[in-house]
Amino acid sequence: MYLYFLRHGEADWPNWNKPDDARPLTDRGKKEMRKVAAFLKQLGLRLDQIITSPLPRAEQTARIAAEALGLKVHEEDLLLSGFSTKELKRLIKKYPGESVMLVGHEPDFTDVVSALTGARLKLSKGGLALVDADIGEGCGRLLWLFPPKIAKAAARD
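Here's what I pulled together on the structure shown here. Treat the numbers as computed from the prediction; the structure is a model and nothing was measured. Residue numbers here run from 1 along each chain, matching the order of that chain's written sequence. Local features in a predicted model are, by the rule used here, given only for residues with pLDDT of at least 70; side-chain atom pairs are given and counted only at 80 or more, and totals for whole chains, interfaces and linings are based on all residues. Excluded from the side-chain calculation are hydrogens and water; included are all heavy atoms of the structure.

Relative to strand 6 (residues 139-146), strand 5 (residues 128-134) is paired through seven bridges, and the arrangement is antiparallel. Among the inter-strand pairings, A129 is bridged to a residue of strand 6, identified as L145. Here strand 5 folds back onto strand 6 in antiparallel fashion, the turn holding four residues, of which G138 has a positive phi close to 70°. Between any two strands, at least two bridges found by DSSP are needed for them to pair. A helix here means a DSSP run of H or I that spans at least four residues, while a strand means a run of E at least two residues long, and both kinds are numbered starting from the N terminus.

Written out as structure tokens, the structure reads:
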């Protein structure tokens, strides 16, 4: 199965005085995610599901990607803080498919991709990792890792 791990876009608000879980994307984050989504569409990405953390910054990121790819978004609490390979197995049973995009947070996504593949990486905001995963075996291969600047560069061409 192909798993796309999409980290939410920029949500840094310097004077944010509300709960961290309520932080939405910044305007810059929305703009950047639209470029990432356009890039994914340009790649001809075919997904069975897009599943997102219910936090606003992830949900907004997922909706931007879903709109570009013509898909529906499923919100899932399993993608909240603490997401691990254990939750991944439960998630895949609940939302089966051959090609699934997960939208969520750090450091969980880096930890899960590293656990599956053995790769050392850090998923940047708006970054995307593709893993060819064998969930039953708990292993996989990292096929690619795109920082959002790749999508921005493609948008300029």
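After presenting the structure, the write-up continues.
The criterion for an aromatic pair is that two Phe, Tyr or Trp rings (for Trp, the six-membered ring) have centres within 6.5 Å, with stacked assigned to planes under 30 degrees apart, edge-to-face to planes over 60 apart and tilted to the rest. Applying the stated criterion to the full structure yields five aromatic pairs. Seen in terms of ring centroids, F83 and F109 are 5.8 Å apart; in terms of plane orientation they differ by 65°. Their pairing is edge-to-face. Of the two residues, F83 is situated in the loop between strand 3 (73-75) and helix 3 (85-94) and F109 in helix 4 (residues 108-117); the sequence distance between them amounts to 26 residues. Site record: aromatic cluster; members linked through ring pairs are Y4, F39, W144 and F146.

Attention shifts here to the pattern of salt bridges. A pair is scored as a salt bridge if a Lys or Arg side-chain nitrogen falls within 4 Å of a carboxyl oxygen belonging to Asp or Glu. Counted according to the given criterion, the structure contains nine salt bridges. For the salt bridge of R28 with E10, the shortest nitrogen-to-oxygen distance reads 3.2 Å. Linking R28 in helix 1 (residues 27-42) with E10 in the loop between strand 1 (2-7) and helix 1, this pair joins segments that are 18 residues apart in sequence. Think of it in three bands: residues with accessible area under 20% of the maximum for their type are buried, residues over 50% are exposed, and the middle band is partly exposed, with areas taken using a 1.4 Å probe on protein chains only. When its relative accessible area of 17% is taken as the criterion, E10 is described as buried. Among the charged side chains, a network of salt bridges with common partners joins D12, D20, R23, R57 and K125.

What follows concerns helix 2 (residues 56-69). In a helix, the anticipated span is given by 1.5 Å times the number of residues less one. Here helix 2 contains 14 residues, and its C-alpha end-to-end distance of 20 Å stays within 8% of the 20 Å for a straight helix at 1.5 Å per residue. Listed as buried for helix 2 are R57, A58, E59, T61, A62, I64, A65, A66 and L69. As for helix 2, its buried residues are in contact with strand 1, helix 1, strand 2 (49-52), strand 3 and strand 4 (99-104). One or two steps after helix 2, the chain reaches G70, where phi turns positive at roughly 70°. In this analysis, two residues are considered to be in contact whenever any of their non-hydrogen atoms come within 4.5 Å of each other.

Attention shifts here to the layout of surface pockets. Remark: the empty space left among the atoms is shown by a probe the size of a water molecule rolled over them. By volume, the largest pocket is sized at about 160 Å³. What lines the largest pocket is a set of 13 residues, and nearest its centre among them are H8, D20, R57, H105 and E106. Residues are grouped as follows: Ala, Val, Leu, Ile, Met, Phe, Trp, Tyr, Cys and Pro are nonpolar; Asp, Glu, Lys and Arg are charged; all remaining types, including Gly, are polar. Of the residues that constitute the lining of the largest pocket, the class distribution is three nonpolar, three polar and seven charged. The distinction between a cavity and a pocket rests on a 1 Å grid over the protein atoms alone: a 1.4 Å probe fits inside a cavity but cannot get out, while a pocket stays open yet meets protein on both sides within 12 Å along at least five of seven lines, and a residue with an atom within 4 Å of a point counts as lining. Grid points are joined across faces, edges and corners, and a volume is the space filled by probe spheres set on the points.

Inspection of the secondary structure puts T61 in helix 2. We classify T61 as buried; its relative accessible area is 0%. Sequence separation between T61 and E32 is 29 residues, and the spatial gap between their C-alpha atoms is 9.7 Å. Setting aside its immediate chain neighbours within four residues, T61 contacts L6, R7, H8, G9, L25, M33 and V103. At 2.8 Å, the side chain of T61 and the backbone oxygen of R57 are in polar contact. Whenever two N or O atoms come within 3.5 Å, that pair is a polar contact, provided that in protein one can donate a hydrogen and the other can accept it, and provided that, for residues adjacent in sequence, both atoms are side-chain atoms.

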